[in-house]
Amino acid sequence: MKKFFNIKIIAVLCAVAYLSISLITAQFDLMTKKQQLAILEQQQQKVQLEAQDIERMLEVEEQEAYIERVARQRLGYANPNEKVFKDIQGEE
């Protein structure tokens, strides 16, 4: 009976030790994952800000290109020191 009781105590102690180690490991993993998540969220925010900046630059470039195209086609403007040739053969 005494051996059975000792084996039972040892089994319970082993189970408690295993569960304790598992819990500590899980807590450490959770803490590590939270830190990684915070870092990734910061990186995501940085990338989103960069994407917004790039979109703004593209909009400005598109607007400038449109303004230049209108100035050239409708108003006949040209850049300094630029020679513009017009085909007047088709005009009547």
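Here the residue numbers are simple positions, counted from 1 along each chain's written sequence. For this predicted model, a pLDDT threshold of at least 70 governs which residues receive local features, and a threshold of 80 or more governs which side-chain atom pairs are given and counted, while totals over whole chains, interfaces and linings are taken from all residues. Computation of side-chain values covers all heavy atoms of the structure but excludes hydrogens and water.

An account of the overall build of the chain is needed here, citing residue identities and associated values.
Only DSSP runs of H or I covering at least 4 residues are called helices, and only runs of E covering at least 2 are called strands; the numbering of each starts at the N terminus. Counting its secondary structure elements, the chain contains one helix and zero strands. Between the two quantities, the radius of gyration covers C-alpha atoms and the globule rule is 2.2 Å times the number of residues to the power 0.38. In summary, the chain has a C-alpha radius of gyration of 37 Å against a globular reference of 12 Å for 92 residues, an excess of more than 25%. Projected onto its principal axes, the C-alpha coordinates of the chain cover approximately 120 × 25 × 15 Å. Each accessible area value is a Shrake-Rupley result obtained with a 1.4 Å probe; residue values ignore everything except the protein chains displayed when judging cover. Counting only carbon and sulfur atoms, one obtains 61% of the accessible surface of the chain, whose full area is about 9,400 Å². We score Asp and Glu as negative and Lys and Arg as positive, and we do not count His or the chain ends. Working definition for charges: the position is that of NZ of Lys, CZ of Arg, CG of Asp or CD of Glu. Within the chain, one finds 12 positive and 14 negative side-chain charges whose respective centroids are separated by 23 Å.

Please provide a residue-by-residue account of the pattern of salt bridges, values included.
Each reported salt bridge corresponds to a side-chain nitrogen of Lys or Arg within 4 Å of a carboxyl oxygen of Asp or Glu. Counted by the stated rule, this structure contains three salt bridges. A salt bridge links Asp-53 to Arg-56, with the shortest nitrogen-to-oxygen separation between them at 2.8 Å. Residue Asp-53 and its partner Arg-56 are located together in helix H1 (residues 2-73), separated by three residues, close to a single helical turn. In this structure, the salt-bridge partner of Glu-68 is Arg-72, at a minimum N-O distance of 3.2 Å. In this pair, Glu-68 and Arg-72 both sit in helix H1, four residues apart, roughly one turn of the helix. Here the term buried applies to any residue with accessible area under 20% of the maximum for its type, exposed to any over 50%, and partly exposed to those in between, with areas from a 1.4 Å probe on protein chains only. We classify Glu-68 as partly exposed; its relative accessible area is 39%. Residues participating in the shared-partner salt-bridge network are Glu-68, Arg-72 and Glu-82.

Give a detailed account of a nonpolar patch on the surface, specifying residues and quantitative values.
A cluster of nonpolar side chains, Phe-5, Ile-9 and Leu-13, forms an exposed patch at the surface whose accessible area comes to about 300 Å². Among the secondary structure elements, Leu-13 is positioned in helix H1. Looking at Leu-13, the relative accessible area reads 55%, which means it is exposed. Each patch groups residues whose relative accessible area exceeds 30% and which form no salt bridge, using 9 Å between like charges and 5 Å between nonpolar side chains of Val, Leu, Ile, Met, Phe, Trp and Tyr.

Break down the environment of Ala-38 for me, citing the residues and quoting the values.
With respect to the element layout, Ala-38 can be found in helix H1. The exposure class of Ala-38 is partly exposed, given its relative accessible area of 36%. Ala-38 sits 20 residues away from Leu-58 along the chain, and the two C-alpha atoms are 30 Å apart.

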